[in-house]
Structures are given as structure tokens and as C-alpha cells.
Amino acid sequence: MLPEGLALERVLPPALTLYRQLYRDVGEDYCWWMRRPMPDGQLAEILHDPLVYFMVLRDGAGVALGFYELDLRDHGDANLAYFGLVPAAIGRRLGHVLLECAVSQAFDAGSWRLRVNTCTLDHPRALSNYQKGGFVIRHVVQEVWNVPDEYLPPRLRRL
């Protein structure tokens, strides 16, 4: 399923440093912030669970191009908690490929449903990529978050 020269690997504990780096690199422009101030112990509890998969897409040189976090802890009701590519990998048609891997992994593991959440601050093609991958909009919620300025993308920071 992956193009030649790419590899998808599950990163096993301890993986906090790599996870935090990719979380920041992938999500910084899209206001991913909730895991950034999370204490190491709390993040480790999530990532070290055997039913949470931290999967990293790498090129032939081993450079991380993106990742996803697939949470299978809810008895077949899977959640694609985080998903994305680093900026240098965007525009190379890798998002759909990575999403196909996540969807396949969830259903191969016996999941009967796979959920994903997105928002208006995500990459402009995020929603369409999810829809092309078979996801349908089931629920829309308006949320307002008091995001600390230090986690806001520069385009949203207060002057």
C-alpha cells in the first residue's frame, strides 16, 4: 500500500521525544496544542498503552514525514486521535496513503467504527482527505477554546 521507499513503523515506548517533536512539527500551523503542555507522565500513560498505536511514516533515509495516533482502547470503536504530515511532506500525495494505512489498521484490528475529529483550523485539505478516505460527517460541534498565546500559530497570535 505504501509507495516504494516509504516505511510505516510503530514506535514503541519510550517515544515521548519523537512524539512531541512530530506533534509540534505537524500541528504547529494548525493550532494543535492540547498535548504540548501535557505532563510527560500523562502522555506516557496514553502512548504506552498497548492499544494505542503511534505510527510514523518515514522516507528511505529514515526521516519522519508524518504520523498518526490510533486509539483502539474502546472495544472496537476506534479513534484516529492525531494524523498529519510534516510541512515538507505536504503536497506529495502522502496524506491519502497514510490515511489508508490508518483505516486499514483500525479495521484489521477488529474495529467496527473509526472516528476522527477535525476543525476549521486544520489543514485546508484535511476534511476533504478524510471524506475521500470514506469518512462522513456525523456530528458538528461549535467549540471555543482559550488557547494560550504560546501555542497559537503566528497567523492567529494577538499583537
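Residues numbered from 1 in each chain as written. Predicted model: local features only at pLDDT ≥ 70, side-chain atom pairs only at ≥ 80, totals over all residues. Heavy atoms only, no water.

The name recorded for the chain in an unreviewed UniProt entry is Acetyltransferase, from Gluconobacter thailandicus NBRC 3257.

Caption draft 1: Examining the nonpolar core more closely. Membership of the largest hydrophobic core comes to 46 residues, with the highest contact counts inside it found for Tyr19, Phe54, Phe67, Tyr68, Leu70, Leu80 and Leu114. Listed by contribution, the elements that provide at least two residues to this core are helix 1 (16-27), helix 2 (40-47), strand 2 (52-58), strand 3 (64-71), strand 4 (77-85), helix 3 (94-108), strand 5 (113-116) and helix 4 (126-132). Of the residues forming this core, the biggest block, 7 residues, is contributed by helix 3. The residues touching Phe54, leaving out its near neighbours within four places in the chain, are Glu9, Arg10, Val11, Ala15, Leu18, Tyr19, Leu22, Leu47, Phe67 and Tyr68. Formed by 5 residues, the second largest nonpolar core is a distinct cluster that contains Cys31, Val147, Tyr151 and Leu152. (Core = buried A, V, L, I, M, F, W, Y, C linked by side-chain atoms within 4.5 Å. Buried < 20%, exposed > 50% of the residue type's maximum accessible area, 1.4 Å probe, protein only. Helix = DSSP H or I, 4+ residues; strand = E, 2+ residues; numbered from the N terminus. Contact = heavy atoms within 4.5 Å.)

Caption draft 2: View of helix 2. All of the buried residues in helix 2 are Leu43, Ala44, Ile46 and Leu47. Relative to the axis of helix 2, the buried residues are bounded by an arc of 160 degrees and lie together on one face. When the buried face of helix 2 is taken as reference, the exposed residues oriented beyond 90 degrees from it are Gly41 and Glu45. (Arc of directions from axis to C-beta.)

Caption draft 3: Quick look at the sheet that holds strand 1 (residues 7-10). In space, the 5 strands of this open sheet follow the order 1-2-3-4-5, with mixed pairing throughout. Both edges of this open sheet fall to strand 1 and strand 5, since each of them pairs with a single strand only. Shown here is a sheet whose adjacent strand axes are inclined to one another by a mean of 25 degrees, direction ignored. Bridge count between strand 4 and strand 5: 4 bridges; the pairing is parallel. Counted as the bridge partner of Leu80 is Val116 from strand 5. Running at roughly 105 degrees to strand 3, helix 1 makes contact with strand 2, strand 3 and strand 4 of the sheet. (Pairing = 2+ DSSP bridges. Axes fitted to C-alpha atoms, helices over the stretch in contact; angles between N-to-C directions.)

Caption draft 4: Spatial organisation of the packing of helix 1 against helix 2. Relative orientation of the contacting elements helix 1 and helix 2 amounts to 95 degrees, with a least axis distance of 11 Å. Relative to helix 2, helix 1 is oriented roughly perpendicular. Across the interface between the two elements, Leu16, Tyr19 and Arg20 of helix 1 pack against Asp40, Leu43, Ala44 and Leu47 of helix 2. Of the residues that constitute the contact of helix 1 with helix 2, the class distribution is 5 nonpolar, no polar and 2 charged. (Parallel < 35°, antiparallel > 145°, perpendicular 65-115°, else oblique. Nonpolar A, V, L, I, M, F, W, Y, C, P; charged D, E, K, R; others polar.)

Caption draft 5: Structural detail: the state of the cysteines. Taken as a whole, this structure holds 0 disulfides when the rule is applied. Here Cys119 is not cross-linked by a disulfide; its sulfur's nearest cysteine counterpart is in Cys31, at 7.3 Å. (Disulfide = S-S within 2.5 Å.)

Caption draft 6: Looking closely at the side chain of Asn129. Within the element layout of this structure, Asn129 appears in helix 4. On the basis of relative accessible area, Asn129 is assigned to the buried category, the value being 14%. Here Asn129 is in contact with Phe83, Gly95, His96 and Leu99, once residues within four sequence places are set aside.

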